[in-house]
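Listed below are the residues making up each chain.
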Number of protein chains: 2
Amino acid sequence: MTISLPLGFHSYVANIGIKDSTNDFTLVVADANCAAAGVFTQSRFAGPSVLLSREHIANLSAQAVVVISKNANVATGTEGLSNAREVVSGVASALACDPTDILIASTGVIGRQYPMANVRSGLNSIPKQFTATSAEAVANGIMTTDTVHKVAQATISGSSARVVGVAKGVGMIEPNMATLITMIFTDAQIAPTDLDRVFRNVINSTFNCVSVDTDTSTSDTAIVMASGAAGSVAIDAFEVALYEVALSLTKQVARDGEGAEKLIEVHVDSAKDHDQAKTVAKAIVNSPLVKTAVHGADPNWGRVAMAVGKCSQYSDINQDNVVIRFGLQEVYPSQVDAAGLADLSNYMRGTDVRIHVSLATGTSDATVWGCDLTDGYVRINADYTT
Amino acid sequence: MTISLPLGFHSYVANIGIKDSTNDFTLVVADANCAAAGVFTQSRFAGPSVLLSREHIANLSAQAVVVISKNANVATGTEGLSNAREVVSGVASALACDPTDILIASTGVIGRQYPMANVRSGLNSIPKQFTATSAEAVANGIMTTDTVHKVAQATISGSSARVVGVAKGVGMIEPNMATLITMIFTDAQIAPTDLDRVFRNVINSTFNCVSVDTDTSTSDTAIVMASGAAGSVAIDAFEVALYEVALSLTKQVARDGEGAEKLIEVHVDSAKDHDQAKTVAKAIVNSPLVKTAVHGADPNWGRVAMAVGKCSQYSDINQDNVVIRFGLQEVYPSQVDAAGLADLSNYMRGTDVRIHVSLATGTSDATVWGCDLTDGYVRINADYTT
């Protein structure tokens, strides 16, 4: 299936020699300045790309977004900030627009300067016209250790307008108010303040609910741009389509977690409030003992009880009232016999494992996504830079 | 080296058929009721052993501690509580003392009932006299997936009294106010309230600063007993010896973390307060990306910057003022060149890796201990129960 960008957007993807010969320079350009919103990492080591994009999107409009992959340009000091400004200026000059209309994101190794000679000749090679519209090419251009590109689209009900999103990110993934890098485009016409509000809502229940390894990136960036080329739409219908795209990308990120072989979905309900539900769900999906049990299809459900138990800040959680299920099978308090353990192990052999915990402390719920912990994760990360 | 228990303590270690033919029943008995203190897991899924021990140690005295290994007796409902009471009663009956003078700890798989027929015949086989004094035998009896037993001793300055401790625990290790299981014995004479106060101090800066995998056990139990058989000592000298023993056991636990090949020590200083220092240090030692980099001797120091950065609750941390060192080598902000990266990788090939971060937000500090994340951890935990 080929997915094209929505009306009003074109792209340019190239190799400019950041690290190797794979594509590392990705530009998505709107035909005209358009409504835009963004959320970014809260890391205290946020890189210059995040700092510049935060400034440039404050007016809720943008003309283009440029992504450099294979180098995060983080922890690079004043030289790194100056280099990021030079990239933004170079792109703005090629597009004949103001630098403040350019958003920038960068992803890859931390603590290395860009190879600026290569970057400068790359900037000089930006064409005058953009004709490419493949969303897959954009998704490919922003990859680092991703094994597959992540694209999703939805049509906005009652209109011909579409929402198309791309994302990357397989490690250092536990976003806090954003994800590693995701860019979502729509040709719907959306007022900038509506776009900003709806985008933050959707990110909170999708990308902010995924965790591969509890590590929050220094470069998390989520951007949405609305060209308006397909006309106006109902804002609720837009939110539904945006949610569908963001949820699909979120699950694609979790499933492609470094070394991952399985998607884990944890649903916690009957909680005091959403925070409690999400905190407990995150404790489960992030537990290395739960993640390895899922990896080995080991029916060691007691590790879920352990993960609930370690949320010791919640004195209202009473172990006598908690219910734990894998798929539809209750494993606690109605303890499973040998046949039940065999059924459980069989269920855990699937590629999608759903854990459902009811806390009996209220009526709120939350769903989070993660992946299993494998030998592959260790191998990938024991020699990433070398 | 053979380490004996301090004067006034004897032991009995046996196999009673909890899971296999290895020792699984360990009893340490004081010649007379003695001063005791304990700290326990804060898990909301704490098992009946923890509930009973908490009750029985409230009066700061005890006669004996019994440990069953290979089964945690956790998430086992009223039947599990009743079984734990039966173990305590059986031991009290054999020792001709009150059940409330018996402490109990249990460690192993969660969610399984004890094999009570075996437990009952084990209780009936407890001898009338205890002659064994080997601390190593005690440390062996309480092991589960530990690859080595953990024992440490120190002599209290200005006296002949000793402090001898044992510990077990390799996974599900991020104690919160206690560790998986550690028992420390002394023949010094210490007032119960002094023992309790000094023990809590020491646990806070030792066992509460270790993390193998961020998972907090449901069974964490730390107990100290003072027989008084070697007479009175200076309380400060006792604290020094107790700290030495607890620190040694803490490092032994970290170094024997499941699958671990290296000890990681993280020291954070120039912090606003101890909490900030410890939170940042824990974020570093628990980061799977830092742990895998250490495993692979990958000089990817940027991951330490990432881990500091994700402590986004601390707006006073300014990346421009942070200093990061591995051993004595500064890697940030004075960025390392290729030769420096080679030196760093060489340092990281050692079995002990020390990471030192200065935050420039104050004058407090903290040290925590952990281990690398290896293929071995994944393999051990992907099929623990099966």
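Just so you know, these numbers come straight off a predicted model, no measurement behind them.

1. Looking at the interface of chain A and chain B
- Between chain A and chain B, the contact holds 61 residues from the first and 60 residues from the second.
- Approximately 4800 Å² of surface area, both sides summed, lies buried where chain A meets chain B, with 56% of it carried by carbon and sulfur atoms.
- Among the residues chain A hides against chain B, the three largest losses belong to Arg 44, Phe 45 and Gln 319 of chain A. Together they make up 16% of the total.
- One can count zero salt bridges joining chain A with chain B.
- Summed over the shared surface of chain A and chain B, the number is 16 residue pairs in polar contact (both at pLDDT 80 or more).
- Among the elements of the structure, helix 8 (288–295), helix 9 (302–309) and helix 11 (375–382) of chain A are those that each provide at least two residues to the side of chain A that touches chain B.
- Residues of the side of chain A that touches chain B, tallied by class, amount to 25 nonpolar, 25 polar and 11 charged.

2. Considering the sheet that holds strand 11 (residues 329–332) of chain B
Residue and element names in this part refer to chain B.
- Spatial strand order, 11-10-12-9-13: five strands in an open sheet with mixed pairing. This sheet does not close on itself; its edge strands, each paired only once, are strand 11 and strand 13 (364–371). Recorded for the sheet is a direction-independent mean angle of 20° between the axes of neighbouring strands.
- Taken together, the three bridges between strand 10 (residues 323–326) and strand 11 define a ladder with antiparallel strand orientation. Bridging across to strand 11, Arg 325 finds its partner in Glu 330.

3. A look at the side chain of Asp 146 of chain A
All names here are of chain A.
- Structurally, Asp 146 can be placed in the loop between helix 4 (135–141) and strand 5 (150–155).
- With relative accessibility at 6%, the residue Asp 146 sits in the buried group.
- In this structure the side chain of Asp 146 is engaged in a polar contact, spanning 2.5 Å, whose partner is the side chain of Lys 150.
- Side-chain polar atoms of Asp 146 contact the backbone nitrogen of Gly 169, separated by 2.8 Å.
- Residue contacts for Asp 146: discarding those within four places in its chain leaves Lys 168, Gly 169, Val 170 and Asp 256.

4. Observations regarding the packing of aromatic side chains
- Enumeration according to the criterion identifies 10 aromatic pairs over all chains in this entry.
- Arranged with centres 6.2 Å apart and planes meeting at 70°, the rings of Tyr 12 of chain B and Phe 25 of chain B form a pair that is edge-to-face. Note that Tyr 12 of chain B is positioned in strand 1 (residues 9–14) and Phe 25 of chain B in strand 2 (residues 25–40), a separation of 13 residues in sequence. Summarising the burial analysis for this pair, Tyr 12 of chain B and Phe 25 of chain B share the class buried.
- What links up through ring pairs into an aromatic cluster is the set Tyr 12, Phe 25 and Phe 130 of chain A.

5. Section: the relation of the copies chain A and chain B
- Superposition of chain A onto chain B requires a rotation of 180° combined with a translation of 0.0 Å along the rotation axis, giving an RMSD of 0.0 Å. Classification of the inter-copy transformation places it as that of a two-fold axis. For chain A, the minimum C-alpha distance to the rotation axis belongs to Asp 375 of chain A and amounts to 2.4 Å.

6. A closer look at the nonpolar core
- Counting residues in hydrophobic clusters, the biggest one holds 107 residues, and the most contacted among them are Ile 284, Ile 355 and Val 357 of chain A together with Ile 284, Phe 326, Ile 355 and Val 357 of chain B.
- If near-sequence neighbours (up to four positions away) are discounted, Ile 355 of chain A is found in contact with Ile 264, Glu 265, Val 266, His 267, Ile 284, Val 290, Val 304, Arg 325 and Phe 326 of chain A.

Rules and cut-offs
- Residues numbered from 1 in each chain as written.
- Chains lettered and ligands numbered in written order.
- Predicted model: local features only at pLDDT ≥ 70, side-chain atom pairs only at ≥ 80, totals over all residues.
- Heavy atoms only, no water.
- Contact = heavy atoms within 4.5 Å.
- Buried area = accessible area lost by both parts, 1.4 Å probe.
- Salt bridge = Lys/Arg side-chain N within 4 Å of Asp/Glu carboxyl O.
- Polar contact = N/O pair within 3.5 Å; in protein donor to acceptor, adjacent residues only side chain to side chain.
- Helix = DSSP H or I, 4+ residues; strand = E, 2+ residues; numbered from the N terminus.
- Nonpolar A, V, L, I, M, F, W, Y, C, P; charged D, E, K, R; others polar.
- Pairing = 2+ DSSP bridges.
- Axes fitted to C-alpha atoms, helices over the stretch in contact; angles between N-to-C directions.
- Buried < 20%, exposed > 50% of the residue type's maximum accessible area, 1.4 Å probe, protein only.
- Phe/Tyr/Trp six-rings, centres within 6.5 Å; stacked < 30°, edge-to-face > 60°.
- Least-squares fit on C-alpha atoms with pLDDT ≥ 70 in both.
- Core = buried A, V, L, I, M, F, W, Y, C linked by side-chain atoms within 4.5 Å.

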